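Spelled out, the chains give:
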Amino acid sequence: MSWINQYENRVVSAEEAVQHIHSNQRLFITGNCSVPQKVLAALVDYAPHLENVEICQALTVGPADYVKPELQGHLRVNTMFISPNVRKAVHEGRADFTPVLLSEFPLLFKRKILPIDVALIHVSPPDEHGFCSFGIEVGLTKSVAESATTIIAEVNQQMPRTLGDSFIHVSRLTYLVPTDYELPELPMGAEGESAIYQKIATYISELIPDGATMQMGIGAIPDAVLKHLFGKKDLGIHTEMFSDGVIDLVDAGVVTNSRKTLHPGKIIAGFILGTKRLYKWVDDNPIIELHPTEYVNDPFIIAQNDKMVAINSAIEVDLTGQVCADSIGHRLFSGVGGQLDFIYGSSRSKGGVPIIALPSTAKDISRIVATLKPGAGVVTTRNHVHYVVTEYGIADLYGKTIRQRAQELINIAHPQFREELTRQAKELNYT
Ligand code: COA
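Residues numbered from 1 in each chain as written. Predicted model: local features only at pLDDT ≥ 70, side-chain atom pairs only at ≥ 80, totals over all residues. Heavy atoms only, no water.

Q: Give a detailed account of the overall build of the chain, specifying residues and quantitative values.
A: The helix and strand tally for the chain stands at 15 helices and 26 strands. Taking 431 residues into account, the globule formula puts the C-alpha radius of gyration at 22 Å, and the chain, at 22 Å, falls close to it. Along the first, second and third principal axes, the C-alpha set of the chain runs to 70 × 50 × 35 Å. Among the 431 residues that make up the chain, the fraction classed as buried is 59%. Summed over all atoms, the accessible surface of the chain reaches about 17,000 Å², with 51% contributed by carbon and sulfur. When the 38 basic and 48 acidic side-chain charges of the chain are each reduced to a single mean position, those positions are 6 Å apart. (Helix = DSSP H or I, 4+ residues; strand = E, 2+ residues; numbered from the N terminus. Rg over C-alpha atoms; globule rule 2.2 N^0.38 Å. Buried < 20%, exposed > 50% of the residue type's maximum accessible area, 1.4 Å probe, protein only. Areas by Shrake-Rupley, 256 points an atom, 1.4 Å probe, with all protein chains shown as cover. Lys, Arg positive; Asp, Glu negative; His and termini not counted. Charge placed at Lys NZ, Arg CZ, Asp CG, Glu CD.)

Pasting the structure below:
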């Protein structure tokens, strides 16, 4: 039977597809901007027929009706990254959080530590050989989907066909739900334009050599940094994700990927988040390869890129260099994401530059602190940390004693808090 017959025989409506989900099963949903919206909406409607169904996911963008209180007992989310749309449910104990490095997220499922019964995924229409691309979200989806017993796939006419290790054959898809709707967009914010972020970006750009390979995230700091890179030469990209800012750097001839020591000539990523402009740009674009996250985020793969620059942010940093990034005290905020993967990978890269960057204050309190808040989650340990950057400068902590680290960090704290931090450092015998 040709793949075209297979395809036609497996087409169902979203409502029919979710009737193949049963009580006590574990599901996986594709996340980021690739959430399969039609199937998920049908699942929410069908949920009263189900008991005790677990939904595993990482970050999802958009409304999350599937965690609303009325669905307790029917659907329960187990998230490996706390995105804003599920944060309240986690805090209220209606959803669970499982901490895991993003490099190991797919392995939880592939190794059957959390076996998946049904994967709900979102793919491009098949090519002439019957292969669908996972489109804008390959990293956290491909291996997990392949590990599932049943796969329900939305086949969206508007999902770009991204290249790389990014395909699944129609014969592997159990049910196909044809759709045609626009993907959600996540434009770059205006926050990156603020004076504080611009100063942070200026310091970061001083640390980036020509020929560097960059990890870029999303948020005010990466957005600000991108604008400071136009004077650089031959940058490359190996990153968990990227957004629209990369297009202008490629057009300007700044990102050429020509000096990359792994995958020269290619942008390597796990997923993309951005606007229609970006989704159009990545479609069938041979300079971009998307790969599973257990490859992209593997610190020992990352380390094969010489001059690997990793830029990540934090909630607070203590005077010994411990970096809290996933919680505000005991209040869980996000997750480890790819932070430790990239900080460690760039640390092991020849000429690598691991950077933690954050504004010196939040809500008028210092983010450089003598001790972390009780319950704060350490994401980058004091053994992994290298550069910490605020709008007041760069602290280089690697190979430094606790006494030297405390002094370096006090120097980049907001001036209003330096005296108090110095007093606390003495009290703790750090200086
Ligand atoms: N004390 C109290 N509140 C604090 C705080 C502190 N020390 N630091 C930050 N906050 C508050 C901010 O005021 C803000 O509150 P608001 O939402 O009410 O405005 C909120 O926490 C988020 O802070 P902000 O500085 O806006 O965060 P961000 O959006 O720049 O994200 C991280 C920073 C650390 C939360 C984010 O990078 C993250 O989740 N990192 C972990 C994963 C990771 O690094 N992934 C990257 C590799 S892919």
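Q: Explain helix H15 (residues 415-427) to me, using residue names and the numbers behind them.
A: Those residues of H15 lying buried are Phe-417, Leu-421 and Ala-425. On its buried side, H15 packs onto strand S21 (361-362), strand S22 (365-366), strand S23 (368-369) and helix H14 (402-412). Looking at the residues trailing H15, positive phi occurs at Asn-429, about 60 degrees. (Contact = heavy atoms within 4.5 Å.)

Q: Describe the domain arrangement of the chain, with residues and values.
A: Under the domain assignment used here, the chain contains domain 1 (3-179) and domain 2 (190-427). Counting from both sides, the interface comprises 31 residues of domain 1 and, opposite them, 30 residues of domain 2. Buried surface at the junction of domain 1 and domain 2, summed over both partners, amounts to about 2,500 Å²; 62% is from carbon and sulfur atoms. Contact with domain 2 buries area across many residues of domain 1, yet Leu-102, Ile-136 and Leu-163 alone supply 21% of it, more than any other trio. (Domains from an automatic or database assignment. Buried area = accessible area lost by both parts, 1.4 Å probe.)

Q: How would you sum up the site of the ligand? Please name residues and give values.
A: Neighbouring the ligand are 20 residues, the closest being Asn-312, Ser-334, Gln-339, Lys-363 and Arg-367. Lys-363 places a side-chain nitrogen or oxygen 2.8 Å from an oxygen atom of the ligand. For the ligand, whose accessible area on its own is 960 Å², the fraction buried by protein is 71%. When grouped by side-chain class, the residues that make up the shell around the ligand number eight nonpolar, seven polar and five charged. (Near = heavy atom within 4 Å. Polar contact = N/O pair within 3.5 Å; in protein donor to acceptor, adjacent residues only side chain to side chain. Nonpolar A, V, L, I, M, F, W, Y, C, P; charged D, E, K, R; others polar.)

Q: Residues and numbers for the sheet that holds strand S24 (residues 378-380), please.
A: Strand order in the open sheet made by the four strands is S23-S16-S17-S24, with mixed pairing throughout. In this open sheet, the two edge strands, each paired with only one partner strand, are S23 and S24. In terms of strand pairing, strand S17 (residues 323-324) meets S24 through two bridges, oriented antiparallel. Among the inter-strand pairings, Val-323 is bridged to a residue of S24, identified as Thr-380. Running over the sheet, helix H13 (residues 339-347) touches S17 and S24 and is turned about 35 degrees from S24. (Pairing = 2+ DSSP bridges. Axes fitted to C-alpha atoms, helices over the stretch in contact; angles between N-to-C directions.)

Q: Got a sec to walk through the packing of aromatic side chains? Specific residues and values, please.
A: On inspection of all chains with the given rule, the structure shows four aromatic pairs. When the centroid spacing of 6.4 Å and the interplanar angle of 55 degrees are considered together, the rings of Phe-28 and Phe-105 count as tilted. Taken as a pair, Phe-28 in strand S1 (residues 26-29) and Phe-105 in helix H5 (residues 105-110) lie far apart in primary sequence, 77 residues in all. When its relative accessible area of 1% is taken as the criterion, Phe-28 is described as buried. (Phe/Tyr/Trp six-rings, centres within 6.5 Å; stacked < 30°, edge-to-face > 60°.)

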